[in-house]
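Single-letter residue listing:
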Amino acid sequence: MFADSEPLEEVYEIVVTKSYVGKYGHFDFVQFVYVTEEEREWRILWDYKE
C-alpha cells in the first residue's frame, strides 16, 4: 500500500458472502477479503485511508 514497502510473497483473495432475508426481500452482501501469512500467523489485509 505504500511506495516504500516490500511486496508480499503470497496473498490470497477470499470472497465472503452473507445472505440476508428481510422485510424487503433477499440480499447478498459480498466482500472480498485478502489475507497473507506473516511470522506463522494469518493476517487480514485492509485498505484504509489515514
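To be clear, the structure that these remarks concern was listed above.
What you are looking at is a predicted structure, and each value in this text was computed from that prediction instead of being measured.

Asks: Help me out: how do you make sense of the packing of aromatic side chains in this one?
Replies: Centre distance and the angle of the planes are the two values used to describe a pair of aromatic rings. As enumerated under the stated definition, the model contains three aromatic pairs in all. Each ring, one from Phe27 and one from Phe29, has its centre 6.5 Å from the other, and the planes form 25°; the classification is stacked. Of the aromatic side chains, those joined through ring pairs into one cluster are Tyr20, Phe27 and Phe29.

Asks: Help me understand the sheet that holds strand S3 (residues 41-45) in this model?
Replies: Within a sheet, each strand pairs with its neighbour through backbone hydrogen bonds, oriented either parallel or antiparallel. Pairing is antiparallel in the open sheet, where three strands are placed in the order S1-S2-S3. Either end of the sheet is taken by a strand with one partner, and the two such strands are strand S1 (12-22) and S3. On average, each strand axis in the sheet is tilted by 40° relative to the strand beside it, whichever way the strands run. The pairing of strand S2 (residues 25-38) with S3 spans five bridges and is antiparallel. The residue of S3 that forms the bridge with Tyr34 is Leu45.

Asks: What's the story with the pattern of salt bridges in this structure? I'm lost.
Replies: Pairing between side chains of opposite charge can happen when the charged atoms of each approach one another. Counted by the stated rule, this structure contains two salt bridges. Arg43 serves as the salt-bridge partner of Glu38, at 3.6 Å between the closest nitrogen and oxygen. Among the residues examined, Arg43 registers a relative accessible area of 33% and is labelled partly exposed. Salt-bridge contacts for Glu41 lead to Arg43; the nearest nitrogen and oxygen are separated by 3.9 Å. According to the relative accessible area criterion, Glu41 is partly exposed, its value standing at 45%.

Basis of the calculations
- Residue indices begin from 1 for each chain and proceed along its sequence in written order.
- For a predicted model such as this one, the threshold for reporting local features is a pLDDT of at least 70, and the threshold for listing and counting side-chain atom pairs is 80 or more; totals across whole chains, interfaces and linings nevertheless cover every residue.
- Note that the side-chain values use all heavy atoms of the structure and ignore hydrogens as well as water.
- For Phe, Tyr and Trp, where Trp contributes only its six-membered ring, two rings pair if their centres lie within 6.5 Å, and the inter-plane angle classes them as stacked under 30 degrees, edge-to-face over 60, or tilted in between.
- DSSP calls a pair of strands paired once it identifies at least 2 bridges connecting them.
- In DSSP terms, a helix is any run of H or I states spanning at least four residues, a strand is any run of E spanning at least two, and both are numbered starting from the N terminus.
- Helix axes are fitted only over the stretch in contact, all axes being lines through C-alpha atoms; the angle between N-to-C directions runs from 0 to 180 degrees.
- Think of a salt bridge as a Lys or Arg side-chain nitrogen and an Asp or Glu carboxyl oxygen that are within 4 Å of each other.
- Buried residues are those whose accessible area, probed at 1.4 Å on protein chains only, stays under 20% of the maximum for their type, while exposed residues exceed 50% and partly exposed ones sit between those limits.

Fair warning: the whole summary comes from geometry, so function is off the table for now.
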